[in-house]
Amino acid sequence: MIEYGVHVLLVVLFPLLMLGVIGRVKALFAGRQGPRLLQPYFDVWKLLHKGAVYSTTTSWTFRAAPIVSLATLLTAALLLPLASGSAPLAFSGDIIVFAYLLGLGRFVTMIAALDTGSSFEGMGASREAAFAALAEPALLLALAIVCVSASAISFHEVYAALPWGSWGVPHPEILVAVVVIFGVLLAETSRVPVDDPATHLELTMIHEVMVLDHSGPDLALIHCGSALKLFLFAALLVHLLVPFPTDSLWLGALVLCTGALSIAVLVGVVESSMARLRLVQVPQFLVGASVLAAIGLLVVIVRGAQ
Amino acid sequence: MTGYAGTLLVVLLALDLYMISTSRLGACIRATALQGVVLAVLPLALTGISSSTPTSEVLRLVAVAIATLCVKSGFIPWLMFRTLRGRGESREFEPFVSLHLSQIVNGALFGGAFWIAISLPPAWAHIHTMGLGVGLATLFVGLYMTINRRKEISQVLGFLVLESGVMVIGWALLRQPSFIIEVGALLDVLVAAMVLGILATGLQASPDEAGVGEEGAQA
């Protein structure tokens, strides 16, 4: 029971810290002092105490979207093992449900953007749909690599049966999956080089333009959702890179938190050192990730045939 | 050491994919140089050196590795960069097939290469299946680059990649040092790169010297 308590605590409390770390790393690179590490928590707290403004064009879809989107992510968070080897809602085939819960969250955000009737938000929704369609095969192929090499289709079985090379170095195909999932992380959480979360020009925005009309508590929910999405992808990666410490819950939580914070630092470094790709180059980035994942899958198949 | 062959081969494939998807010539040359490093280490991983291997064989393998390193990631990239600077080009602007589509086509090529490697008869059981697959895939990528790109430098690069593929196939099939194939492959690349390199600079130089515009003015 206590492991599920830790799981829920991690899901509720930890994700916003990753946003704080990314902000801090970017500030360091820019030579500024930067906001406090806990600034995202204060932001969300402030937003929760504000009122929300709704356009008269919008319907209930617009009001429901932030709640539904956060709910899908929270459900997805219950499927993924975090500190211990099992997740509260684990069942056979939960990997596919995980991938499509993320898709459902995105769909709800997009129809809310269309609901506002604003041309900018419609444009953002169309871009998000186009890029998500390309990011999805990459994610599913990467998950397929992991599933095939562990011959299992649920997270807890996969993490238990993941093959490890000598000296705790993961197999090359797992490393390919890690690289691809990191690329998908950058695309899905709208980070540089796919999207710039700090941009203020509607013409270049992708994800941020869709949430322009949300305010107050709704915006707080959206912030929490995007932080949670980042955390989920980071947790997925950490478990692929570090052998799972199943014996101790606290050691598992420590490994997860350290790993997730390292990934936040890495995202911050990527954001500070890379320029955003031009919009026409984003599909190339995502298709490249898919083909790389396909290569990884081929390698697994050849290894199986040998 | 054999355990790392897989990782090296995957790195090789990732570099192939990178070369297919970038239009920057400098990045392509750097990727071939990196492939040279991988190719230098690969024989050591594929042949599986252990403490029981005779010293002469180890020395031979190390010598081959050093030679590969010097030629494939030292001399040829240097020559290519020189040619590149001489021509003042940095990008491959209009390949015949767009870079997006090339990625997908090459995904299919990789699939075909691996399919061939897997479906070999069991009499070939001593070969390194993954090595053969990666070698064929690299060869296909090289061929594809040679056909798809318009600039001479890119075509030479494609040819280099093709040669790397041949070398990987050789190592995967034999899994023992056979100096003749090795040196043959290296010489091939060396000659090709030098000839094409000189040709490439020559082609650029000749229209300037011929002075088409001036002749037109005189006439």
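Residues numbered from 1 in each chain as written. Chains lettered and ligands numbered in written order. Predicted model: local features only at pLDDT ≥ 70, side-chain atom pairs only at ≥ 80, totals over all residues.

Trainee: Just give me the short version of the overall build of chain A, but keep the residues and values in it.
Mentor: When helices and strands are tallied, chain A shows eleven helices and zero strands. Helices and strands appear in chain A in the N-to-C order α-α-α-α-α-α-α-α-α-α-α. Radius of gyration (C-alpha) of chain A: 19 Å, near the 19 Å computed for a compact globule of 306 residues. Overall, the C-alpha framework of chain A stretches about 60 × 45 × 45 Å when taken along its three principal axes. For chain A, the residues scored as buried account for 49% of the 306 residues in total. Expressed as a percentage of contacts within chain A between residues at least 6 apart in sequence, the contacts between residues at least 24 apart total 77%. (Helix = DSSP H or I, 4+ residues; strand = E, 2+ residues; numbered from the N terminus. Rg over C-alpha atoms; globule rule 2.2 N^0.38 Å. Buried ≥ 20, exposed ≤ 12 C-beta atoms within 10 Å, placed from the backbone. Contact = placed C-beta atoms within 7 Å.)

Trainee: Kindly report on the overall build of chain B, identifying the contributing residues and their values.
Mentor: A count of helices and strands for chain B gives eight helices and zero strands. Helices and strands appear in chain B in the N-to-C order α-α-α-α-α-α-α-α. Considering only contacts within chain B whose residues lie at least 6 apart along the sequence, 77% involve residues at least 24 apart.

Trainee: How would you summarise the environment of Ile147(B) if you had to cite specific residues and measurements?
Mentor: Residues and elements named next belong to chain B. By the element assignment, Ile147 lies in helix α5 (residues 129-148). We classify Ile147 as exposed; it has 12 C-beta atoms within 10 Å. Here the alpha-carbon distance between Ile147 and Cys70, two residues 77 residues apart in the chain, equals 28 Å.

Trainee: So, the interface of chain B and chain A: which residues are in play, and what are the values?
Mentor: Tallying the contact residues gives 22 residues for chain B and 19 residues for chain A. Looking at the side of chain B that touches chain A, the elements that each hand over two or more residues are α1 (5-21), α4 (99-118) and α5 of chain B. Examining the composition of the side of chain B that touches chain A, we find that eleven residues originate from one element, α4(B), more than from any other. Class assignment for the residues of the side of chain B that touches chain A results in eleven nonpolar, eleven polar and no charged. (Nonpolar A, V, L, I, M, F, W, Y, C, P; charged D, E, K, R; others polar.)

Trainee: Describe in detail the nonpolar core, supporting the description with residues and values.
Mentor: Proteins that are soluble and globular tend to have nonpolar side chains buried together. If you look at the biggest cluster of nonpolar residues, it comprises 150 residues, and the most contacted ones within it are Leu80(A), Ala142(A), Ala177(A), Ile181(A) and Ala293(A). Once residues within four sequence positions are removed from consideration, Ile181(A) is found in contact with Leu139(A), Ala142(A), Phe233(A), Leu236(A) and Leu237(A). (Core = buried A, V, L, I, M, F, W, Y, C linked by C-beta atoms within 7 Å.)

Trainee: Give me the lowdown on the packing of helix α5 (residues 94-115) of chain A against helix α6 (residues 119-150) of chain A, citing residues and values where you can.
Mentor: Residue and element names in this part refer to chain A. In the contact formed by α5 and α6, the axes pass within 10 Å of each other and the chain directions differ by 180°. Taken together, the axis directions place α5 and α6 in an arrangement best described as roughly antiparallel. Of the residues in α6, those in contact with Ile95, Ala99, Gly103, Arg106, Met110, Ala113 and Leu114 of α5 are Glu121, Gly122, Gly124, Ala125, Glu128, Ala129, Ala132, Glu136, Leu139, Leu140, Leu143 and Cys147. Partitioning the contact of α5 with α6 into residue classes produces twelve nonpolar, three polar and four charged. (Axes fitted to C-alpha atoms, helices over the stretch in contact; angles between N-to-C directions. Parallel < 35°, antiparallel > 145°, perpendicular 65-115°, else oblique.)

Trainee: Talk me through α5(A); I want residue IDs and the actual numbers.
Mentor: With 22 residues, α5(A) extends 31 Å between its outermost C-alpha atoms, agreeing within 8% with the 32 Å of an ideal straight helix rising 1.5 Å per residue. Following α5(A) by one or two positions, Gly117(A) adopts a phi angle in the positive range, close to 75°. (Expected span 1.5 Å × (residues − 1).)

Trainee: Please set out the environment of Leu292(A) residue by residue, giving values where relevant.
Mentor: Residue placement: Leu292(A) occurs in helix α11 (residues 282-305). Taking the number of C-beta atoms within 10 Å as the measure of exposure, Leu292(A) has 26 and is therefore buried. Leave out the neighbours within four places in its chain, and Leu292(A) touches Val176(A), Val179(A), Val180(A), Ala14(B) and Leu17(B).

Trainee: Describe the confidence of the model for chain B, with residues and values.
Mentor: Residue and element names in this part refer to chain B. Taken as a whole, chain B shows an average pLDDT of 79; of its residues, 77% reach a score of 70 or greater. In the model, residues 209-219 has pLDDT below 50 throughout and makes one contact with residues more than four positions away in sequence or in other chains. Two numbers describe this predicted complex: its pTM, 0.86, and its ipTM, 0.76. (pLDDT = per-residue confidence, 0-100.)

Trainee: Any details on the packing of helix α9 (residues 217-241) of chain A against helix α10 (residues 249-273) of chain A? Residues and values, ideally.
Mentor: All names here are of chain A. Relative orientation of the contacting elements α9 and α10 amounts to 115°, with a least axis distance of 9 Å. Here α9 lies roughly perpendicular to α10, going by the angle between them. Relative to α10, α9 is oriented so that their crossing is right-handed. Facing Phe231, Ala234, Ala235, Leu237 and Val238 of α9, the residues of α10 in contact are Val255, Leu256, Gly259, Ala260 and Ile263. For the contact of α9 with α10, the class distribution of residues is nine nonpolar, one polar and no charged. (Left-handed = near helix turned anticlockwise from the far one by under 90°.)

Trainee: Lay out helix α4 (residues 60-79) of chain A in plain terms, naming residues and giving numbers.
Mentor: Residue and element names in this part refer to chain A. In a regular helix each residue adds 1.5 Å, so 20 residues correspond to 28 Å; α4 covers 29 Å between its end C-alpha atoms and thus fits that length. In α4, a bend of some 30° at Pro66 exceeds every other bend along the element. For α4, the complete set of buried residues consists of Phe62, Ala65, Pro66, Ser69, Leu70, Thr72, Leu73, Ala76, Ala77 and Leu79. The secondary structure elements touched by the buried residues of α4 are α1 (2-13), α5, α7 (155-161) and α9. (Bend = angle between axes of the 7 residues up to and from the residue.)

Trainee: Please provide a residue-by-residue account of unusual backbone geometry, values included.
Mentor: Residues and elements named next belong to chain A. Here the residue pair Val192 and Pro193 is connected by a cis peptide bond, since its omega of 10° sits within 30 degrees of zero. With respect to the element layout, Pro193 can be found in the loop between α8 (172-188) and α9. One non-glycine residue with positive phi stands out, namely Ser151, at about 40°. As for its position among the elements, Ser151 is in the loop between α6 and α7.

Trainee: Could you give an account of the environment of Ile295(A), naming the residues involved and the relevant values?
Mentor: For Ile295(A), the location among the structural elements is in helix α11. The buried category is assigned to Ile295(A), around which 27 C-beta atoms lie within 10 Å. Separated by 234 residues in sequence, Ile295(A) and Thr61(A) have C-alpha atoms that sit 41 Å apart. With near-sequence residues (within four places) excluded, Ile295(A) lies in contact with Val176(A), Leu13(B), Leu17(B) and Phe110(B).

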